[in-house]
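Observations on chain architecture
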Amino acid sequence: MKTLLVGEYRDGKLLGSTYELVAFAEKIGADSAMFLVGRESDLPQYNGILYFADILKYSEFNPTAHKQMLLEVVAKEQPEMIVFSHSSYGWDLAPRLALALKAAQVSEVIDFVDGNLVVPTCNSKLRRDVKSKTAQTVVTLQGGAFGLSGEPSGAPTLVKIETDATAQVEFAGYEAVEKGGVDLSKAEIIVSAGRGIGKPENIEMIANLAQALGGEYGASRPVVDAEWTEHNRQVGTTGQTVSPKLYIACGISGAIQHLVGMKKSEFVVAINTDRDAPIGEIADILAVADLKELVPALTEKIKSL
Amino acid sequence: MKILVCVKQVPDMESKFRVNDGGKWYDEADLALRMNEYDEYAVEQAVQLKEQVGEADVTILSIGSDRVKETMKKALAMGCDRGVHVVDDTSYAKDPFEIASIIAAFAKDHSFDMIFTGMQSQDRGSAQVGVLVAEILGMSSISTIVEFTFDNGQVTARRELEGGLKAIVKAKAPALMTCQLGLNTPRYPTLPNIMKAKKKELLSVEVATLLQVDAVQETTRMYFPEKKGGGIVLEGDVGNMVNEIINILKDKTGVLT
Ligand SMILES: Cc1cc2nc3c(=O)[nH]c(=O)nc-3n(C[C@H](O)[C@H](O)[C@H](O)COP(=O)(O)OP(=O)(O)OC[C@H]3O[C@@H](n4cnc5c(N)ncnc54)[C@H](O)[C@@H]3O)c2cc1C
């Protein structure tokens, strides 16, 4: 099989996720070529042909031009699979390419077993095996699902590409991440509040447990979106990545975007009323309980030690 | 101004799921159903846009069996003007390309100025339908937006990227937006608005009149992930649980020592 890997560049840097695409091709035993809109001074370590366009000319977000160049490369390489990361770049560009190629797109692939693409469904509670019915298939890979066994190596053979396609939308720059406040990345103990806390007043309960343990409190996204706490406490893909000694997830279901931010924790305790919550997959202890009872009781006990 | 919002009815993710007899989808019996979370933001943004521009008409579209009307009524009560129910008892088995083609087939003769969808559904989670609809219609689209402003036919949106970074993207109407969590604060339908919604037009269209394409992919099997095991599950009395947790933490971590 032949694959075309679509590497990714963001805010002036080659993203490490590009190597996950290489790992996927290796895992399924496929040949590959790569496409990247990036910078010549920062190329991936990769053995193969790299179809390359300059990011200064085509910008980091210009789906029309990126799609047009990809279509040319696909016509030349005739890959059976075109592989993206399931990221803000990938899930935006992949469907545009898939439609132009009249190809199936299978999103958020986590495995490839007996010719089936495996994808999560229903917040990871279920899995689906999916088969494409088209000659070419576009796939996006879940972040972290595939990893290289060793360090990346090699030097690509550059083939420069161009297009005169004009942008349909205008990319007007980035808005930086809000800085300041707590730095969860350094915390050794984190107690996080999820939507399961039910109401903003219950943040205090979570903060109290964190304090009793000498740690910080964090939150899942819905808690931040509802403005029950500030954004710099959000753990996950679009928040902070943390690696404490102890992470206590209270009323958090364990969506992949949350897990990505905390799976490097050394020890994970999950408190959840749902025994089947996906957080149980990665928790060292899953306490099936109402957090409104267990969290205050645990706090009292710890204070009394 | 004509606005279209696409919504999907999905199970509450806290439900206890079972795989159905066909082995390719979940059993719908006994599931609590609700509006896809991402679509709530889409509905709210459409209604806010209507409130801003004044002269606007918001159509809500949903594909599915009769039960999706409940979800559509919620959208109408939130402020949408009319509903189009695409009647399809097997919509769950359709792939993103088929769903997008159905929506595009409906939209193509209505010259909508703005279309809002969720960035993905909570059950399938393909994150494709919105962008596909725009591509089929040849319309600009911006995906995963967390901020939206509209001024004189010009959209300025913030796309959410990883790690909290945002990209500022501008587009001219007509355009399609896929909405991310936190875009706005979806309103709760008030009782008077729920009453008013009952009188709003809810048109039914047979899916066969809109579907002109074949599926490009198929689900061959649905199943539960294998439990990787390892973790300890504690159940029962909260007092005992507290002691057990503390003992394990003392034993297995450097914490509490
Ligand atoms: C592109 C993208 C980026 C995202 N980025 C992030 C991110 O950075 N961080 C993040 O967290 N999410 C992120 N999300 C959202 C993510 O997909 C989930 O929606 C979110 O993590 C869910 O948060 P939650 O677990 O708190 O809520 P839910 O999924 O609603 O889960 C609530 C949990 O609480 C439990 N519960 C309810 N009541 C109680 C009780 N009384 N006691 C104990 N348990 C209870 C329930 O059983 C359930 O498991 C992102 C999504 C997308 C699409």
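Residues numbered from 1 in each chain as written. Chains lettered and ligands numbered in written order. Predicted model: local features only at pLDDT ≥ 70, side-chain atom pairs only at ≥ 80, totals over all residues. Heavy atoms only, no water.

Our next topic: the overall build of chain B. When its secondary structure is counted, chain B shows six helices and 13 strands. Of the contacts made within chain B by residues no fewer than 6 positions apart, 71% connect residues no fewer than 24 positions apart. (Helix = DSSP H or I, 4+ residues; strand = E, 2+ residues; numbered from the N terminus. Contact = heavy atoms within 4.5 Å.)

Scanning the model with the defined rule gives 40 salt bridges over all chains in all. A salt bridge links B:Arg82 to B:Glu201; the nearest nitrogen and oxygen atoms lie 3.6 Å apart. Residue B:Arg82 is located in strand 5 (residues 82-87), and its partner B:Glu201 is located in the loop between helix 5 (191-197) and strand 11 (202-206); the two are separated by 119 residues in the primary sequence. Between B:Asp88 and B:Lys94 there is a salt bridge, with its nearest N and O atoms 2.8 Å apart. There is no split in this pair, since B:Asp88 and B:Lys94 are both buried. Each member of the salt-bridge network shares a partner with another, and the members are A:Lys67, A:Asp92, A:Arg96, B:Glu135 and B:Arg159. (Salt bridge = Lys/Arg side-chain N within 4 Å of Asp/Glu carboxyl O. Buried < 20%, exposed > 50% of the residue type's maximum accessible area, 1.4 Å probe, protein only.)

Moving on to the environment of A:Phe171. By the secondary structure assignment, A:Phe171 is in strand 13 (residues 170-175). On the basis of relative accessibility, which here comes to 22%, the residue A:Phe171 falls in the partly exposed class. In contact with A:Phe171, not counting residues within four places along its chain, are A:Ser59, A:Glu60, A:Phe61, B:Ala167, B:Ile168 and B:Val169.

Taken together, the contact pairs 75 residues of chain A with 80 residues of chain B. When the buried surface of chain A facing chain B is broken down by residue, A:Arg128, A:Glu175 and A:Glu281 rank first, second and third, together holding 10% of it. Across the chain A-chain B interface, the total number found is 10 salt bridges. Taken together, chain A and chain B are joined by 40 residue pairs in polar contact (both at pLDDT 80 or more). Residue contributions to the side of chain A that touches chain B peak at seven residues, all from strand 10 (residues 126-132) of chain A. Looking at the side of chain A that touches chain B residue by residue, the class counts come to 33 nonpolar, 18 polar and 24 charged. As paired elements, strand 13 of chain A and strand 9 (residues 166-172) of chain B share four bridges and run antiparallel to each other. The residue of strand 9 of chain B that forms the bridge with A:Glu170 is B:Lys170. (Buried area = accessible area lost by both parts, 1.4 Å probe. Polar contact = N/O pair within 3.5 Å; in protein donor to acceptor, adjacent residues only side chain to side chain. Nonpolar A, V, L, I, M, F, W, Y, C, P; charged D, E, K, R; others polar. Pairing = 2+ DSSP bridges.)

Let us look at the sheet that holds strand 17 (residues 267-272) of chain A. Across the sheet, which stays open at both edges, the six strands sit in the order 15(A)-14(A)-16(A)-17(A)-18(A)-13(B) with parallel pairing between neighbours. At either margin of the open sheet sits one strand with a lone partner, and together these are strand 15 (216-219) of chain A together with strand 13 (232-234) of chain B. Here the average twist between neighbouring strands, direction ignored, is 20°. Judged from the five bridges that link them, strand 16 (residues 246-250) of chain A and strand 17 of chain A form a sheet pairing that is parallel. Bridge pairing in strand 17 of chain A places A:Leu246 opposite A:Phe267. Where helix 5 (residues 203-212) of chain A meets the sheet, it contacts strand 14 (189-193), strand 15 and strand 16 of chain A, and its direction lies at approximately 170° from that of strand 14 of chain A. Seen against the sheet, helix 6 (residues 238-252) of chain B touches strand 16, strand 17 and strand 18 (285-288) of chain A together with strand 13 of chain B and runs at an angle of roughly 155° to strand 13 of chain B. (Axes fitted to C-alpha atoms, helices over the stretch in contact; angles between N-to-C directions.)

What follows concerns the domain arrangement of chain A. Residues and elements named next belong to chain A. Domain annotation for chain A reports domain 1 (2-160) and domain 2 (184-304). Inter-centroid distance (C-alpha atoms) of domain 1 to domain 2 is 33 Å. Contact residues are listed per partner, giving six residues for domain 1 and eight residues for domain 2. The partner of Lys125 in a salt bridge is Asp274, with the nearest N and O atoms 2.8 Å apart. Connecting domain 1 to domain 2 are two residue pairs in polar contact (both at pLDDT 80 or more). Among the residues making up the side of domain 1 that touches domain 2, the classes are represented as no nonpolar, four polar and two charged. (Domains from an automatic or database assignment.)

Within the element layout of this structure, B:Glu37 appears in helix 1 (residues 37-53). Looking at B:Glu37, its side chain comes within polar contact range of the side chain of A:Arg195, at 2.8 Å. Ignoring sequence-local partners within four residues, the contact set of B:Glu37 consists of A:Arg195, B:Gln122 and B:Leu181.

Attention now goes to the site of the ligand. In the region of the ligand, 33 residues are neighbours, and A:Arg195, A:Ser220, A:Thr238, A:Ser253 and A:Asn272 sit closest. Of the chains in the model, those with residues near the ligand are chains A and B. The backbone of A:Val235 places a nitrogen or oxygen atom 2.8 Å from a nitrogen atom of the ligand. One of the backbone nitrogen or oxygen atoms of A:Thr237 is found 3.1 Å away from an oxygen atom of the ligand. Put simply, the parts of the chain that give the shell around the ligand at least two residues each are helix 6 (221-225), helix 7 (256-262), strand 17 and helix 8 (291-304) of chain A. Within the shell around the ligand, the residues separate by chemical class into 11 nonpolar, 16 polar and six charged. (Near = heavy atom within 4 Å.)

Bringing the pairing of strand 16 of chain A into the picture now. Side-chain positions along a regular strand alternate between the two faces of the sheet. Residue and element names in this part refer to chain A. The buried count for strand 16 comes to five of five residues, which makes it a mostly enclosed element. Alternating positions in strand 16 separate into two faces, Leu246, Ile248 and Cys250 on one and Tyr247 and Ala249 on the other, with burial throughout. Note: strand 14 against strand 16, five bridges, orientation parallel. Bridging from a neighbouring strand, Ser192 pairs with Ala249 of strand 16.

On to the nonpolar core. One finds A:Phe24, A:Phe35, A:Ile82, A:Phe84, A:Val109 and A:Val139 to be the most contacted residues of the largest nonpolar core, which totals 52 residues. With near-sequence residues (within four places) excluded, A:Phe35 lies in contact with A:Leu4, A:Leu5, A:Val6, A:Gly7, A:Leu50, A:Tyr51, A:His66, A:Met69, A:Leu70, A:Val73, A:Tyr89 and A:Ile161. Within the second largest apolar cluster, 45 residues are counted, among which are B:Val7, B:Val43, B:Phe116 and B:Ala175. (Core = buried A, V, L, I, M, F, W, Y, C linked by side-chain atoms within 4.5 Å.)

In this section: the packing of aromatic side chains. One pass over the full model with this rule turns up eight aromatic pairs over all chains. Arranged with centres 5.1 Å apart and planes meeting at 70°, the rings of A:Phe171 and A:Tyr174 form a pair that is edge-to-face. When its relative accessible area of 26% is taken as the criterion, A:Tyr174 is described as partly exposed. Linked through ring pairs, B:Phe17, B:Trp25, B:Tyr26 and B:Tyr92 together constitute an aromatic cluster. Lying over the aromatic face of A:Tyr217, A:Arg233 brings its terminal NZ or CZ to 3.9 Å of the ring centre. Directly above the aromatic system of B:Phe112 lies the positively charged group of B:Lys2, at a separation of 5.5 Å from the ring centroid. (Phe/Tyr/Trp six-rings, centres within 6.5 Å; stacked < 30°, edge-to-face > 60°. Lys NZ or Arg CZ within 6 Å of the ring centre and 35° of its normal.)

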